[in-house]
Amino acid sequence: MNFADPMSIPGPAAGVDVATGLCHHCGAALPRVPVRAPIAGEMRGFCCGGCAAAAQVITEGGLCVYYEKRDTAGLPALAESDIQRLREQWAALADPDFLSAFATDLGGGRWRTLVAVEGIHCGACVWLIEHHLRRIPGVLAAAVNYSTRRVLLEWDDARVHLGDVLEALARIGYQPAPNVRHASEVAQRRVQRLALLRTLVAWLAMMQVMMLAWPGYLDPHGMNSAETAIFRWASLSVTFPVLLFSGWTFMIGALRDWRLRRLGMDVPVVLGLWGAFVASAVSVVHGAGPVYFDSVDMFLALLLSARLIETSLRHRSANAADELLEQLPAAVRRRQDDGTWQSVAITRLRAGDVVQVPSGSLVPVDGVVVDGNSHADEALLTGESVAVAKAAGARVLAGSMNIDSPLVVRAEAAGQGTRIAQMVDLMNGALADKPRAARLADVAAHWFTLMLLAVALGTALLWWWLNPARIVPAVIAVLVVSCPCALSLAVPAALAAATARLSRGGVLIARGHALDVVTGVHAWLFDKTGTLTTGHADHVRVTWSVPDVEPARALALAAALEQGVQHPLALAVLAQARADALVLPPVCAACAVPGQGVEGEIDGQRLRLGKPLRNDAGAEPGATLLELTDVDGGRALATIEVSETLRPGAAESIAALRGAGATVELLSGDNASSVAAWAARAGIASAYGGLLPQDKLARVRALQSQGLRVAMVGDGVNDAPTLGAADVSVSFASAAPIARAGADVVLAFDDMRALTLLVDIAGRTQAVIRQNLAWAVAYNAVFVPLAVAGRIAPVWAAVGMSCSSLLVVMNSARLAWSRARGG
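The model shown is predicted, which means the values in this text are computed figures rather than measured ones. (Residues numbered from 1 in each chain as written. Predicted model: local features only at pLDDT ≥ 70, side-chain atom pairs only at ≥ 80, totals over all residues. Heavy atoms only, no water.)

Moving on: the confidence of the model for the protein. For the protein, per-residue confidence averages 75 on the pLDDT scale, and 73% of positions sit at 70 or higher. Predicted confidence for residues 1-18 stays below pLDDT 50, and this span has 31 contacts to residues more than four positions away or in other chains. Counting contacts from residues 180-184, a segment whose pLDDT is below 50, to residues more than four positions away or on other chains yields 16 contacts. (pLDDT = per-residue confidence, 0-100. Contact = heavy atoms within 4.5 Å.)

Have a look at this one:
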């Protein structure tokens, strides 16, 4: 970049706009002789060469939008109506009780919070946001984390409210959202930062001590005793504080194990670390003997690295759950008893409250639309990529996005009662529930640790008899090389990675044993209504109409008659008419006719929609027929078929299960002919109809009595006993609460292909666990005898053990990045 010589550039008459007297880049006052440089074809004035250089870097990088946004900060980047709507929501943040859920009180009126911000695309965005916010009186700090798209804010609430700061962000084109899980995230970030700091300190100490030890390795006799003592004392002074700081977590863990009178992996780690350090310190004080400070620091650094990676895998699973709740708005407008609207915190909503959901906003509750017409994006909750039409009477879910027009919703569930909150509870519960493999690995690690200590004691006795001078290095090598870290990490690391991968695919593991059992299932049993099918009438077609009435006209007439009727069949007809963009004619004198349907007058003609007065053998099994009739003329005008549809992905998942060698059966309480027809459509060979709940339970037990492992997939109250008796049970997030509560696996999306993902990832998880355990056993079988024989130095023992643990963790991490077969 070449900047023009300020003395060679003519004054403002040549095109330099310095009328404002401010630097084009930072806004500071211009000096008497400003620096001038061409920016986007125009000469601009700058307070210094640094600002001129920064401006040219921004411009040449294609980031001119930075200056556009900065210079138009007074103009609304969002529509004024949108900013007004957001301002009403943020008004609730002025309440200190509500604010405490989103921010940390630092005392003295000072607060700190994290704000998620949409629209951060580049470094220029970062600079603009920080510079713009810091200029607001009362904002004490503003720092953008580009990778997480969050802004760390500190402000004086006596001088400026958080809502005002958020509005300032919105006015320059960035839409902010207070972080709902601020408190837990701050605590987690604090723990993560401390763990990272301990690891980095250990690595820095290892490199420093290795440099101090290297001359002795290169030429053991090249240094005199004074030089050797200096290097050793320096190593001791570096290692001791690092051992206390970076090794603190292991010491606390070992102390806890000691108090509980159990042996965990932290016990041999602490014995190895401090045993090597004490032996080395004694050698330094006496001026003779081997030292192992480099081994101690290397062991600590590599071990902390493995633990850091394993922790990140677990946090990825936990964050996948918590980020669902973060989608909910911070505050909503609730209708008061006098009909007015008031902005309140989302935490204050209760079932029965009527709330307003503006367009472009997330729905805060599970409820029913009482006014308005719009579309909702429910991809986060149901996996449905197409927006779903919402009108009066339609159900909406917390966390879905209202797209088109404002809605008024009556809450049926709020807070922890919403489906999204229950999904989070399921995911968090799965992270705490250990499957059988994990429990066995814990037991094995306990007994392995006990055996390890016995081997270390035997090694000490052996070398006391052979060569007492070799006791310390041999025992340290045994403790370090055989530390059961790889064995302890083999199962939990794989489960954490698998849980993270499944949660991204809409599969929530409610009970840990599911991943153990799924891979060995011999028979998959499916309920029909609501499980194999969608459970509600959603497929509407005109099967027959008279020549003078087009099918589209027949559907429009039927939908017009069904307006205002809340029966599922009526709602299905109306939904199909809306989907076909049909114009509904006006209806006069509409009324319900008991047992026959609904009647009304359209264009002077009396019409009725209801049960057919004649049998129609052409109807599909399980479908309901409606007949549109000219009442005055006494003739049928059209026949409309309303039926359920197969759940998305049902046929594909069933084909995949059968292809894997499993038996698939359909169990239902519907009539046998209908069940057989649905089974044929789904590709299921065995179907049983007319079953009571006890009949389904008997079928499960009959298969189990044959030595088969049985999985049950159901969603209704009548499926609860069968779900409880099956070896592994699967339900849906939309299922009846009792069915969902008894399920081992919950599918968050309606697409049943998630079931195939479950089987695939479960199989891979078992394979990875076997690989991890096999490696841990083989490694110890080879290296422990070598350590006992004194063939492995402590430094190489540290390298071997740490590499073994890292290998196990990285092998497990493959699950989190894997793609489903065929996907």
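Let's shift gears to the sheet that holds strand β13 (residues 388-390). Ordered in space as β13-β12-β15, the three strands form an open sheet in which the pairing is antiparallel. Both outer strands of the open sheet, β13 and β15 (401-402), are each paired with one neighbouring strand and no more. Relative to β13, strand β12 (residues 374-377) runs antiparallel, the two sharing three bridges. Looking at the pairing, H375 lines up with A389 of β13. (Pairing = 2+ DSSP bridges. Helix = DSSP H or I, 4+ residues; strand = E, 2+ residues; numbered from the N terminus.)

A separate point is a nonpolar patch on the surface. On the surface, W203, L204 and M207 cluster together into a nonpolar patch covering about 300 Å² of accessible area. Secondary-structure assignment places M207 in helix α7 (residues 182-218). Judged by relative accessible area, M207 falls into the partly exposed class, the value being 45%. (Patch = residues over 30% accessible without salt bridge, like charges linked within 9 Å, V, L, I, M, F, W, Y side chains within 5 Å. Areas by Shrake-Rupley, 256 points an atom, 1.4 Å probe, with all protein chains shown as cover. Salt bridge = Lys/Arg side-chain N within 4 Å of Asp/Glu carboxyl O. Buried < 20%, exposed > 50% of the residue type's maximum accessible area, 1.4 Å probe, protein only.)

With that out of the way, let us pick up the pattern of salt bridges. With the rule as written, the count across this model stands at 15 salt bridges. The salt bridge partner of K696 is D527, with a shortest N-O separation of 3.1 Å. Of this pair, K696 sits in helix α23 (residues 693-705) while D527 sits in strand β18 (residues 523-527), placing them 169 residues apart in sequence. For K696, a relative accessible area of 1% translates into the label buried. Salt bridges sharing partners connect three or more residues here, namely R110, R112 and E154.

Looking at the secondary structure, you find R335 in strand β8 (residues 331-335). Between the C-alpha atom of R335 and that of V355, which follows or precedes it by 20 residues, the distance is 6.1 Å. Setting aside residues no more than four positions away along its own chain, R335 makes contact with T340, W341 and V354.

Glancing now at the pairing of β12. Burial along β12 is one-sided: S374 and A376 are buried, and none of H375 and D377, which face the opposite way, are. The pairing of β12 with β15 spans two bridges and is classified as antiparallel. Within the sheet, the bridge partner assigned to A376 lies in β15 and is N402.

Peptide bonds are trans in most cases, and residues, glycine excluded, mostly fall at negative phi. Of note in this structure, A581 is not a glycine but carries a positive phi near 55°. A relative accessible area of 63% means that A581 is categorised as exposed. The backbone of A589 sits at a positive phi, close to 55°, despite the residue not being glycine. As for its position among the elements, A589 is in strand β20 (residues 588-593).

So, on to the side chain of E130. Topologically, E130 is positioned in helix α5 (residues 123-134). Those residues in contact with E130 that sit more than four places away from it in its chain are A142, A143 and V144.

This part takes up α23. Along its 13 residues, α23 runs 19 Å from first to last C-alpha, staying within 8% of the 18 Å computed at 1.5 Å per residue. Directly after α23, the chain includes G707, whose backbone phi takes a positive value near 85°. (Expected span 1.5 Å × (residues − 1).)

To continue, consider the nonpolar core. One finds V507, W524, F526, L755 and L758 to be the most contacted residues of the largest nonpolar core, which totals 45 residues. With eight residues, the single largest contributor to this core is helix α26 (residues 753-788). Among all residues touching W524, those that are not within four sequence positions of it are V518, L657, A662, T663, V664, E665, A711, V713, V730, L755 and V759. (Core = buried A, V, L, I, M, F, W, Y, C linked by side-chain atoms within 4.5 Å.)

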